[in-house]
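Here is what each chain is made of, one letter per residue.
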Amino acid sequence: ESGEPFATGAVPPAAPDVAAGAPTDGDGETDEAADPDADADADTESTVSDSTSTESPADDSIDAPYPVEIEHVFGTTVIPEEPQRVVTVGYAEHDFVLAVGVQPVGVRANYDSQPVVVWPWAEHLVTGEMPELLNQTVLNLEAVAALQPDLIFAINLRLDEGEYDTLSAIAPTIARPVGTVEAEVPWRLRQEVIGLALDRVDEAAQAIADTDARFADVRAAHPEFAGLEAVLANAREDGGVNTFDLGDARYQFLLDLGFDPPVALLDRPDDELEVSLERLDELDGDVIIWSPTPPERLQNLPTREALLSAARERREIIIDPIVSIALVEASPLSLQYVIDRILTDLALAVDGDPDTVAASAVELYGLDVDGASAAEQAAMDAWVIVLGPEASLDEKRRHTEDFDELLPTVEAGLAAGEAAGGIEIIPTRATINGDSATVVFDVALGGSITATDFTADLTLIDGVWVASRSQVCTYVALIGVQCPGD
């Protein structure tokens, strides 16, 4: 599908499978790293050792962590001293570096035309300037060298020995651990290796433990998930349908929530992910999670209702583009973000009552999206004020965190929207949870709907729905406008 940020229902496509390419997803497009099952984290070893120098360090420290030696598929990398300039070229690896409190100086773009350096789940960990975005589909080794790194992470991507040797000539480079699959290094193992290389073992363990605790909390709060089959599917623009490798990080996420894998897909070869419309029943499950898809595309699948009981009984949800990215990135930070964004929909989809429909599927089932409660309507109105062109600056200030600091960004965003023929924010629904609201909205440029089912979170402060700085910055970035300091 289109890589343009406001292409209808599109997720920005990952970089093509080129010199240092990305893995491919089930529809033949390139994608980011996929995460095999959790057991792989326990079964796969990465031989890492701390080699303490026999000479006294300059600070007279008794327990000097460096040099560190890390074994991987291309040999052993020695990190002689604490890295000061870290560059990540593996997909989503900057999340793992930030999670242990280290600021990378350069990160590899995960998607074509990616305007966002750090996604919402990790941006609060960035201190100072944003890392340099190596925004190219082919890994530009000259751009990497120009950043003068003293450590390069290239764990989670397709990398051959020649490319590894070239990177190693720039700086010590860490490739994937022995025994792992290209571009499918489990997220827990990635975090462990990065923690060891950066002498942040405790921080890495904490990042893993915090995420595992979130999964445990969900399983405890939703015991009904156990034994239910969750299916991941993608309805493509060309009319085809595919699922994903059961070793994919997206499936591992569902297993960690307590769901079972779909039995019908257990014997399907990993490279046969296309599902014919005549055999769409192979995708039937207790809940179907569709990749970002316009509802009408699913409605137009000729066999969907006939062959999928989940469709007939309203047990489907549609994830939005940013949640889709977070799922694919599969870092301790992004996975917790996904839990926050889709847990309510998952619970509604499997509660056994067809009348309690997931918010993301309201339009899919042709239900009335009018009649919002006063709180829901107020949250939707506030988001239109924040991003839309009609409201005055005073109105925007009332509903926007740090508005005065963001004023140049807001004005630049309005100008960009006008240059594109006019921008319109069209809320379709809102979900209220105490003092938090999630608004689902479409975007129109030049009078035509160009993106559907984006979501934004607002907070009720003194009776007013307020959008956070990070929410505003995330969405203006999609039209090429950066917030101050980003």
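Refer to the structure above for everything that follows.
Not measured: the values here are computed from a predicted model. (Residues numbered from 1 in each chain as written. Predicted model: local features only at pLDDT ≥ 70, side-chain atom pairs only at ≥ 80, totals over all residues. Heavy atoms only, no water.)

1. Describing the pattern of salt bridges
Piece 1. This structure, assessed with the given rule, holds 18 salt bridges.
Piece 2. The shortest N-O distance in the salt bridge between Arg279 and Asp281 comes to 3.9 Å.
Piece 3. Each member of the salt-bridge network shares a partner with another, and the members are Arg188, Asp212 and Asp256. (Salt bridge = Lys/Arg side-chain N within 4 Å of Asp/Glu carboxyl O.)

2. Focus: the sheet that holds strand β9 (residues 230-235)
Piece 1. Within the open sheet, the 5 strands sit side by side as β11-β10-β9-β12-β13. Their pairing is mixed. Only two strands of the sheet have a single neighbouring strand rather than two, namely β11 (274-275) and β13 (316-318).
Piece 2. One ladder, built from 2 bridges, connects strand β10 (residues 241-242) with β11; its direction is antiparallel. Of the residues in β11, the one forming a bridge with Val241 is Val275.
Piece 3. Strands β9 and β12 (287-290) of the sheet are contacted by helix α7 (residues 249-257), whose axis makes an angle of about 150° with β9. (Pairing = 2+ DSSP bridges. Helix = DSSP H or I, 4+ residues; strand = E, 2+ residues; numbered from the N terminus. Contact = heavy atoms within 4.5 Å. Axes fitted to C-alpha atoms, helices over the stretch in contact; angles between N-to-C directions.)

3. A word on the sheet that holds strand β8 (residues 173-174)
What holds strands together in a sheet is hydrogen bonding between their backbones, with the strands either parallel or antiparallel.
Piece 1. Here 5 strands make up an open sheet; going across it, the order is β6-β5-β4-β7-β8 and the pairing parallel. Every other strand in the sheet has two partners, leaving β6 (132-134) and β8 as the edge strands with one partner each.
Piece 2. Pairing analysis gives 3 bridges linking strand β4 (residues 86-88) to strand β7 (residues 151-153), with the strands arranged parallel. Opposite Thr88, over in β7, you have Phe153 as the bridge partner.

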